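Report on the structure
Letter by letter, the chains look like this.
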2 protein chains.
Amino acid sequence: MPDISIEYKYSGTDVSGLHKWKDAADEARKKLIHKTGEGSEYLGWVDIPVDYDRDEFDRIKKAAKKIREESDAFVLIGVGGSYLGARAAVEFLAFPGRIKDAPDIYFAGNALSTDSIARTLQAIGDRDFSVNVVSKSGTTMEPAIAFRIFKAELEKRYGKEGAADRIYVTTDAKKGALKTMAVENGYEAFTVPDNIGGRYSVLSSVGMLPIAVSGADIDAIMEGAERMRQVCVENPFETNPALQYAAFRHEMMEEKKQVEVFCIYNSSVGSFSGWWRQLYGESEGKGGKGLFPACVTYSTDLHSIGQFIQDGKRNMFETMLYAENSNIEMHLEVDEKDLDGLNYLAGRPLSQVNRIAVKGTAQAHADGGTPNILISYPKKSEHTLGQLFYFFEFSCGVSCYMLGVNPFDQPGVEFYKNNIFKLLERPGY
Amino acid sequence: MPDISIEYKYSGTDVSGLHKWKDAADEARKKLIHKTGEGSEYLGWVDIPVDYDRDEFDRIKKAAKKIREESDAFVLIGVGGSYLGARAAVEFLAFPGRIKDAPDIYFAGNALSTDSIARTLQAIGDRDFSVNVVSKSGTTMEPAIAFRIFKAELEKRYGKEGAADRIYVTTDAKKGALKTMAVENGYEAFTVPDNIGGRYSVLSSVGMLPIAVSGADIDAIMEGAERMRQVCVENPFETNPALQYAAFRHEMMEEKKQVEVFCIYNSSVGSFSGWWRQLYGESEGKGGKGLFPACVTYSTDLHSIGQFIQDGKRNMFETMLYAENSNIEMHLEVDEKDLDGLNYLAGRPLSQVNRIAVKGTAQAHADGGTPNILISYPKKSEHTLGQLFYFFEFSCGVSCYMLGVNPFDQPGVEFYKNNIFKLLERPGY
């Protein structure tokens with residue numbers, strides 16, 4: 001059994017109510033496993049938890065160890081799928097007291113605004129740092145601009161050779177601008193697999209190097225993913241949460257819901273939401289189809305968008321993700337005067353309050369006409385994170401095939417790029 | 001004339017096309033000015049740029065100076081409207097080299113997760129710190145829990161009296177738990193005005209104290225707000241961007257758009273988006289009405305949700321907010337080999353690339369069926385920020401009255417709170 005479970009109490013349906021989607025979901029599952037659907041050349045992520053390159057994995061661990069020893073700051077240069085998964089993992093796992101002696105990790109090359117680069121350089125200050133630049137081609141504008149700037153900064157500080165010893169590239173195995181630079185300058189290089197697209201790449205070297213630098217146990221992440229892979233690939237609909245989540249989303253589309261609100265209950269899971277948003281938005285949102293993917297952090301955002309979800313336009317449903325147990329526990333002391341009226345909570349674990357907020361919110365929103373499902377995992381850890389990554393990837397592939405779209409292309413993203421290149425008068429545009 | 005302007009080139013309409021909304025917008029404007037609409041007891045924000053309490057403003061500046069001298073860290077405890085405006089301002093104005101010697105500012109008491117409190121305590125470490133707790137009642141659960149914990153920490157470090165000298169409360173002028181604590185313990189107290197609701201309160205003491213602590217010039221923010229107030233209150237539809245923005249949103253609702261995507265082009269404006277989201281979501285989202293408010297940061301999120309906006313379900317429009325000029329400038333050097341193909345950008349100001357991305361994206365998305373308007377301001381500064389705050393508040397009030405909803409209540413937020421209290425077995429629930 002997986003550690004991830006779905007509760008349907010506030011969804012207006014349940015597993016038996018979703019049965020009408022069972023055959024479609026199962027057919028989609030088979031397309032993923034047998035590589036018979038559209039975009040099947042990008043299905044490398046399906047088996048990566050069992051067939052990943054052990055030699056490259058060992059090189060990643062060695063490089064991460066070296067980076068941790070030599071650097072107080074680490075800059076991950078990448079955009080979209082080249083950093084969202086790593087960032088999700090680093091923040092998910094970085095609770096106080098958990099990981100020691102890790103360099104501070106900065107994310108750069110994911111924007112065109114000049115202040116973000118300036119802010120990162122300022123934050124690094126004169127501390128020793130290393131860089132991992134992640135780009136299949138090496139010519140995507142945002143990371144390419146940032147890499148020119150951080151490379152120049154490293155060369156100024158450490159000389160050309162010293163800089164080369166602090167630059168790690170994750171790119172195409174054989175060709176492209178970054179690969180050529182790596183060979184010419186002697187940068188250590190890791191591989192973006194040909195058969196895995198950016199938004200499904202977190203379990204490849206793309207995610208694993210920065211996650212290992214953060215001090216997390218990447219073996220445990222892969223073990224979690226392997227465990228979830230077995231469930232997703234083998235289990236029938238009734239015990240397969242990935243098929244059920246896809247079915248539930250289709251049930252909501254059939255009810256004309258327009259927006260899926262992905263709700264988390266801990267700000268450290270916020271970047272995981274960002275990873276989810278790319279995965280679902282970019283995989284499903286094509287040909288005039290898909291659910292608008294929105295992200296909120298509760299209880300924080302109950303005080304901003306809660307009113308809308310309770311009582312505004314009835315066009316949403318919620319997918320709530322929460323941990324059954326907290327990594328950090330706290331208690332309130334009894335206060336003699338109890339002016340704030342909180343003494344009834346004194347002595348109880350505060351994490352209990354957050355858990356109760358999940359159910360209280362779910363029920364209130366359902367009563368107001370916003371159905372929701374609760375996806376829970378036991379506790380934040382590498383093992384549960386590996387399961388979550390795989391669960392959402394597999395379910396996304398299933399949902400796309402059920403919708404009749406290719407889960408692995410992104411034809412719409414070329415439009416704005418071409419427009420920008422034309423306006424910039426880039427040669428050839 | 002205001003410094004804020006709206007470009008309609010990619011919106012599918014223009015000012016004359018919006019004329020059909022002119023009378024309704026003007027009527028709503030009059031309701032705000034003459035206090036004749038629903039919720040008119042909460043219209044104190046309309047005149048605050050011209051009638052704010054000068055004595056309290058001076059006390060804010062003195063308190064901010066003291067905090068800056070005595071503390072290396074500053075914790076703002078508040079949730080929803082009690083912190084979103086301040087956070088928006090602090091991050092909007094905190095570009096490198098801009099403000100020196102400000103304490104690091106942390107935002108607490110806006111969540112129930114125990115790690116967020118633990119992370120803030122860890123980040124403060126043994127540095128000297130002060131606290132501003134913002135709550136009208138003093139009994140809202142998230143800030144009340146955080147205040148108990150941070151107050152205990154201050155008392156442990158500085159003794160009861162020393163702690164009292166580092167605690168600043170912003171609360172009801174006369175009553176409530178926080179007011180009582182302030183009187184009993186000698187905390188300096190500032191006022192949450194009775195006639196201004198949380199999400200419209202940034203220009204009151206609620207926002208001004210933390211913004212002043214960050215080192216920003218709060219006089220200039222009020223001057224900007226005053227300038228925009230004059231435009232919003234006096235100008236006819238043709239030269240009144242606040243009425244036009246409200247009209248455009250109603251045009252989009254008429255076209256059955258479900259989601260307003262608020263797009264910014266600089267991550268430092270991200271918290272401003274969060275403030276916007278509460279303002280519009282909580283003001284409009286009631287009685288089954290409103291536009292789902294979603295926030296994205298471009299170009300970053302073009303690499304995640306860009307595909308959906310270009311080519312997914314056609315149920316959105318975009319409101320893009322950008323600065324005509326950048327506060328930080330950078331240039332790329334020419335690279336001999338030009339492997340990344342970026343030499344065509346060398347020597348040009350990089351901020352130009354970001355500005356061009358605005359137009360390139362707007363055009364591509366419009367071509368794909370997602371209309372958008374561009375709202376621009378000259379450059380990030382206190383003066384433009386004051387204008388932006390006032391502009392969006394006034395336009396929101398107009399839009400709500402046009403929609404037939406009370407802009408100033410939030411009846412839906414009580415539901416989940418009551419549910420949570422029941423589940424927590426709070427006395428009386």
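This text goes with the structure placed above it.
Fair warning: this is a prediction, and the values are worked out from it, not measured in the lab. (Residues numbered from 1 in each chain as written. Chains lettered and ligands numbered in written order. Predicted model: local features only at pLDDT ≥ 70, side-chain atom pairs only at ≥ 80, totals over all residues. Heavy atoms only, no water.)

1. A short note on the pattern of salt bridges
We count it as follows: We count a salt bridge whenever a side-chain nitrogen from Lys or Arg sits within 4 Å of a carboxyl oxygen from Asp or Glu. Helix and strand definitions here come from DSSP, where helices need a minimum of 4 consecutive H or I residues and strands a minimum of 2 consecutive E residues; each element is numbered from the N-terminal end. For each residue, the accessible area found with a 1.4 Å probe, counting protein chains only, is set against the maximum for its type, and the residue is called buried under 20%, exposed over 50%, and partly exposed in between.
Counted under the stated rule, the structure contains 68 salt bridges over all chains. Salt-bridge contacts for Lys65(A) lead to Glu69(A); the nearest nitrogen and oxygen are separated by 3.1 Å. With Lys65(A) and Glu69(A) both in helix 3 (residues 54-70) and 4 residues apart, this pair spans about one turn of that helix. Here Lys65(A) matches Glu69(A) in class, with each residue exposed. Among the salt bridges present, the one from Lys156(B) reaches Glu153(B), with a minimum N-O distance of 3.5 Å. With Lys156(B) and Glu153(B) both in helix 6 (residues 141-164) and 3 residues apart, the pair spans about one turn of that helix. Since its relative accessible area comes to 66%, Lys156(B) is described here as exposed. Taking the relative accessible area as the measure of exposure, Glu153(B) reaches 16% and is therefore buried.

2. Considerations on the relation of the copies chain B and chain A
Note the following rule: Copies are brought into register by a least-squares superposition over C-alpha atoms of residues with pLDDT of at least 70 in both.
Least-squares fitting of chain B to chain A yields an RMSD of 0.0 Å, with the transformation described by 0.0 Å of translation along the axis and a rotation of 180°. Considering both components of the superposition, the chain copies are consistent with a two-fold axis. Relative to the rotation axis, the closest C-alpha in chain B is found at Ala294(B), a distance of 3.3 Å.

3. Regarding the packing of aromatic side chains
Residue and element names in this part refer to chain B. For clarity, the cut-off: Between rings of Phe, Tyr and Trp, where Trp is taken as its six-membered ring, a pair exists when centres lie within 6.5 Å; planes separated by under 30 degrees are stacked, by over 60 edge-to-face, and by other angles tilted.
Within the structure shown, the criterion is met by 56 aromatic pairs over all chains. Ring centres of tryptophan 45 and phenylalanine 408 lie 6.2 Å apart, and the angle between their planes is 55°; this geometry places the pair in the tilted category. Taken together, the positions of tryptophan 45 in helix 2 (residues 44-51) and phenylalanine 408 in the loop between helix 14 (382-403) and helix 15 (413-423) put the pair 363 residues apart, joining distant regions of the chain. Assessed through its relative accessible area of 0%, tryptophan 45 is described here as buried. The exposure class assigned to phenylalanine 408 is buried, which follows from its relative accessible area of 6%.

4. Section: the state of the cysteines
A covalent bond between the sulfur atoms of two cysteines is referred to as a disulfide. The condition that has to hold: Cysteine sulfur atoms that pair up within 2.5 Å are treated as a disulfide.
Evaluated as defined, the whole model comprises 0 disulfides over all chains. With no disulfide of its own, Cys400(A) lies 4.2 Å from the sulfur of Cys396(A), the closest cysteine sulfur. Free cysteine Cys263(B): the closest other cysteine sulfur is in Cys295(B), separated by 9.2 Å. Residue classification places Cys263(B) among the buried residues on the basis of a relative accessible area of 0%.

5. A word on the pairing of strand 9 (residues 316-323) of chain B
Strand residues, when the strand is regular, have side chains that alternate between the two faces of the sheet. Residues and elements named next belong to chain B. Basically, it comes down to this: Any two strands with at least two DSSP-identified bridges between them are counted as paired. Every crossover in which the path from the first strand over the helix to the second runs clockwise, viewed with the strands pointing away from the viewer, is termed right-handed.
Within strand 9, 7 of the 8 residues are buried, which leaves it mostly tucked inside the rest of the structure. The pairing of strand 7 (residues 259-264) with strand 9 spans 6 bridges and is classified as parallel. By the bridge assignment, phenylalanine 262 is partnered in strand 9 with threonine 319. Direction of pairing for strand 9 relative to strand 10 (residues 372-377): parallel, over a ladder of 6 bridges. What sits directly across from threonine 319, in strand 10, is isoleucine 373. Following the chain from strand 9 across helix 13 (residues 350-367) to the adjacent parallel strand 10, one finds a crossover that is right-handed.

6. A closer look at the sheet that holds strand 3 (residues 104-108) of chain B
Within a beta sheet, neighbouring strands are joined by backbone hydrogen bonds and run either parallel or antiparallel to one another. Residue and element names in this part refer to chain B. As a reminder of what qualifies: Whenever a helix is involved, its axis is fitted only over the stretch in contact; in every case the axis is a line through C-alpha atoms, and angles between N-to-C directions fall within 0 to 180 degrees. Note on definitions: a residue-residue contact is assigned when non-hydrogen atoms from the two residues lie within 4.5 Å.
Strand order across the open sheet formed by 5 strands is 3-2-4-5-6, with parallel pairing between neighbours. Each edge of the open sheet is held by one strand with a lone partner, namely strand 3 and strand 6 (188-191). The mean angle between the axes of side-by-side strands here comes to 20°, regardless of whether they run parallel or antiparallel. For strand 5 (residues 167-171) and strand 6, the ladder comprises 4 bridges, and the chain directions are parallel. Its bridge partner lying in strand 6, threonine 170 is registered against phenylalanine 190. Seen against the sheet, helix 3 (residues 54-70) touches strand 2 (73-77), strand 4 (129-134), strand 5 and strand 6 and runs at an angle of roughly 135° to strand 6.

7. Side note on the interface of chain B and chain A
So the rule is basically this: Joining two parts hides part of their accessible area as seen by a 1.4 Å probe, and the buried area is that hidden amount summed over both. Polar contacts, as counted here, are pairs of nitrogen or oxygen atoms within 3.5 Å of one another; within protein the pair requires one atom able to donate a hydrogen and one able to accept it, and residues that are adjacent in sequence qualify only if both atoms are side-chain atoms. Classification used: nonpolar for Ala, Val, Leu, Ile, Met, Phe, Trp, Tyr, Cys and Pro, charged for Asp, Glu, Lys and Arg, polar for all others including Gly.
Contact residues are listed per partner, giving 116 residues for chain B and 116 residues for chain A. Counting each side, the surface lost to burial between chain B and chain A is near 9,500 Å², with a carbon and sulfur contribution of 61%. Of all residues in chain B, the largest losses of buried area upon contact with chain A belong to Arg148(B), Phe292(B) and His303(B), amounting jointly to 9% of the total for that side. Between the two partners, chain B and chain A, sit 10 salt bridges. Here Arg148(B) and Asp340(A) are joined by a salt bridge, their closest N and O atoms 2.8 Å apart. Viewed at the interface, chain A and chain B are joined by 50 residue pairs in polar contact (both at pLDDT 80 or more). Ranked by the residues each element gives to the side of chain B that touches chain A, the list is headed by helix 13 of chain B, at 11 residues. When the residues that make up the side of chain B that touches chain A are grouped by side-chain class, the tally is 51 nonpolar, 39 polar and 26 charged.

8. Here's the deal with the side chain of Arg426(B)
Selection criterion: Counting rule for charge: Lys and Arg are taken as positive, Asp and Glu as negative, and neither His nor the chain ends is counted.
By secondary structure assignment, the location of Arg426(B) is in the segment after helix 15. Within the buried set, Arg426(B) has no salt-bridge partner at all; the shortest N-O distance to an opposite charge, 8.5 Å, is to Asp338(A). Ignoring any residue separated from it by four or fewer positions in sequence, one finds Arg426(B) in contact with Tyr344(A) and Phe421(B).

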